[in-house]
Amino acid sequence: MKDVYSPDHKHIMTLEQFIIDQQEREPGATGAFSRLLRDISIAAKIVNRDIRRAGLVDIFGTTGEVNVQGETQQKLDALAHSEFVRALKRGGECCLIGSEEHAEAIPLATQSGNEGKYIVLMDPLDGSSNIDVNVSVGTIFSIYYLPDDYGEPDLDAALQAGSEQIGAGYVVYGSSTMLVYTTGHGVNGFTLDPSVGEFLLSHPSITTPKRGKVYSINEGNTESFDEGLQEYIRWVQHHDKETSRPYKTRYIGSFVSDFHRNLLKGGIYIYPATKKNKEGKLRLMYESNPMAFIVEQAGGRATNGHERILDIQPSKLHQRTPLFIGSEEMVKRAESFMQRKQVKA
Ligand code: AHM
Ligand code: MG
């Protein structure tokens, strides 16, 4: 990968310049989508600032509220949600938001004349149970068009298959902060330079290796995995020089971070159905779909073990799905184990 973010490089490209360049390649583009991406990146910078200051300004801990998933809401979850909603409202390009931190879809098109035509679904702060132990967290977002001639934007407008996404991305608030996104023309990654407050193109045209040596799964749940998956886990742990096994386990428990590492280095992330989470844990609309769009654009694969994630027709905003995502050959191999041995109901 070419390193375009070296101090002596003559052509440092900011996210904003990059978005404008892309826009100029789209005949008839109005700039609305570019403005939407800009609004998202501004909110990401604000959330980044809040996360970096978390330990200093005593905003760790919970609000005491329980969110729609029945989980205790961390203060920073609530804060991240409000920052993104505020930025999208202010920007005016978005007409409907779906957020992990809000039970209902949030329409923004009001009598005030908001003409926004984009729907944004998001997990404002994924992996938030890791915040108070200083582990990387992230934001995930997915963008759709409001269907043509749709009336007042509502949840039904958002219930589109992942293959209809026109953009998707994530921000990882790690040792550095990165924003990675796709609009269906490859995947590009930008690193926030805190000294100038800009995201700079650091990872152009990301492609993910066809196979890797890392598997990421919560193995504490092994007993409740499907028989085929248990067999796959035994397979990855088996010693075999020719296929570089055993693979390495890497599981941060923060999806964005696990996904980001596997995207760059190669690997597979699995959150399957378990006894506790019979439909898997991750949410289709704002966790699995956007990452599936990104991974496919980078040459990888994402399924629920049987079916392509992007083909699933959603019926609920907070719908969950099992997820097998990452390097193409690894995901295919895991699927083949799933298909050989399916659990009896
Ligand atoms: P969250 O959106 O409530 O933070 O939950 C999603 C997180 C993922 O980031 C992570 O991969 C997974 O839950 C970890 O779950 P578990 O602790 O069951 O392994
Ligand atoms: Mg999440």
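The shown structure was predicted, so the numbers you read here are calculated from the model rather than taken from an experiment. (Residues numbered from 1 in each chain as written. Chains lettered and ligands numbered in written order. Predicted model: local features only at pLDDT ≥ 70, side-chain atom pairs only at ≥ 80, totals over all residues. Heavy atoms only, no water.)

Draft legend 1. The arrangement of the sheet that holds strand β12 (residues 248-249) in detail. Strand order across the open sheet formed by five strands is β12-β11-β13-β15-β14, with mixed pairing between neighbours. If you trace the sheet from one side to the other, it starts and ends with β12 and β14 (301-303), each paired once. Relative to strand β11 (residues 214-216), helix α6 (residues 255-265) is tilted by about 165°, and along the sheet it contacts β11, β13 (268-271) and β15 (323-326). (Pairing = 2+ DSSP bridges. Helix = DSSP H or I, 4+ residues; strand = E, 2+ residues; numbered from the N terminus. Contact = heavy atoms within 4.5 Å. Axes fitted to C-alpha atoms, helices over the stretch in contact; angles between N-to-C directions.)

Draft legend 2. Representation of the pairing of strand β7 (residues 167-173) in the model. Judged by how many residues are buried, β7 sits mostly within the fold: seven of seven residues are covered. Burial along β7 is two-sided: Gly167, Gly169, Val171 and Tyr173 facing one way and Ala168, Tyr170 and Val172 facing the other are all buried. Relative to β7, strand β6 (residues 137-145) runs antiparallel, the two being bridged by seven bridges. Directly across from Val137, in β7, lies its bridge partner Tyr173. Remark: three residues form the turn of the hairpin made by β7 and strand β8 (residues 177-182), two consecutive strands paired antiparallel. (Buried < 20%, exposed > 50% of the residue type's maximum accessible area, 1.4 Å probe, protein only.)

Draft legend 3. Main features of the site of ligand 1. Taken together, 17 residues surround ligand 1, and among them Gly127, Tyr251, Phe255, Tyr269 and Tyr271 come closest. With respect to ligand 1, the backbone of Ser128 contributes an N or O atom lying 3.5 Å from an oxygen atom. The side chain of Arg283 places a nitrogen or oxygen atom 3.5 Å from an oxygen atom of ligand 1. Here ligand 1 has 470 Å² of accessible area as a free molecule, and 84% of this is covered by the chains. Broken down by secondary-structure element, the contributors of at least two residues to the shell around ligand 1 are β5 (118-126) and β13. Its residues assigned to classes, the shell around ligand 1 shows five nonpolar, five polar and seven charged. The residues that make up the shell around ligand 1 include at least three from each of domain 1 (11-203) and domain 2 (214-338). (Near = heavy atom within 4 Å. Polar contact = N/O pair within 3.5 Å; in protein donor to acceptor, adjacent residues only side chain to side chain. Areas by Shrake-Rupley, 256 points an atom, 1.4 Å probe, with all protein chains shown as cover. Nonpolar A, V, L, I, M, F, W, Y, C, P; charged D, E, K, R; others polar. Domains from an automatic or database assignment.)

Draft legend 4. Spotlight on the sheet that holds strand β3 (residues 94-99). What the eight strands build is an open sheet, ordered β4-β3-β5-β6-β7-β8-β9-β10; its pairing is mixed. On the outer flanks of this sheet lie β4 (106-107) and β10 (198-203), each paired with one strand and no other. Of the strand pairs in this sheet, β3 and β5 are connected by five bridges, and their pairing is parallel. Looking at the pairing, Ser99 lines up with Met122 of β5. Sitting on the sheet, helix α1 (residues 15-24) touches β8, β9 (187-193) and β10, and the angle it makes with β8 is about 5°. Together, β3, β5, β6, β7, β8 and β9 form the strand contacts of helix α7 (residues 284-297), whose direction differs from that of β6 by roughly 85°.

Draft legend 5. Region of the structure containing the packing of aromatic side chains. What the rule picks out here adds up to 13 aromatic pairs. Note on Tyr118 and Tyr145: the rings are 5.5 Å apart at their centroids and 25° apart in plane angle, and the pair reads as stacked. Placement of Tyr118 in strand β5 and of Tyr145 in strand β6 is noted, with a sequence separation of 27 residues between them. The partly exposed category is assigned to Tyr145, whose relative accessible area is 42%. Seen from their ring centres, Trp235 and Phe337 are 6.0 Å apart, and the 50° between their planes marks the pair as tilted. Here Trp235, found in helix α5 (residues 227-237), pairs with Phe337, found in helix α8 (residues 328-340); they are 102 residues apart in sequence, far enough to count as distant. Just as Trp235 is buried, Phe337 falls in that class too. Joined through ring pairs, the aromatic side chains of Tyr170, Tyr251, Phe255, Phe259 and Tyr269 make up one cluster. Of note, Arg245 hangs over the ring of Trp235, and the distance from its end group to the ring centre comes to 3.9 Å. Taking NZ or CZ as reference, Arg340 lies 4.6 Å from the ring centre of Phe337, over its face. (Phe/Tyr/Trp six-rings, centres within 6.5 Å; stacked < 30°, edge-to-face > 60°. Lys NZ or Arg CZ within 6 Å of the ring centre and 35° of its normal.)

Draft legend 6. Focus on the coordination of the magnesium ion (ligand 2). Looking at the magnesium ion (ligand 2), one finds its protein donor set to be Glu100 (OE), Asp123 (OD), Asp126 (OD) and Glu287 (OE), positioned 1.9 to 2.7 Å from the metal centre. In the primary sequence, the donor residues of the magnesium ion (ligand 2) line up as E-x22-D-x2-D-x160-E. Placement of Asp123 in strand β5 and of Glu287 in helix α7 is noted, with a sequence separation of 164 residues between them. (Donors = N, O, S within 2.8 Å, 3.2 Å for Na, K, Ca; no water.)

Draft legend 7. Expanded view of the environment of Gln319. Structurally, the position occupied by Gln319 is in the loop between β14 and β15. Gln319 gets classed as buried once you look at its relative accessible area, which sits at 13%. Discounting residues that sit within four places of it in the chain, Gln319 has contacts with Leu282, Arg283, Leu284, Met285, Ile312, Gln313 and Pro314. Within polar-contact distance, the side chain of Gln319 engages the backbone nitrogen of Ser315 at 2.7 Å.

As far as function goes, none of this settles anything; it's purely spatial.
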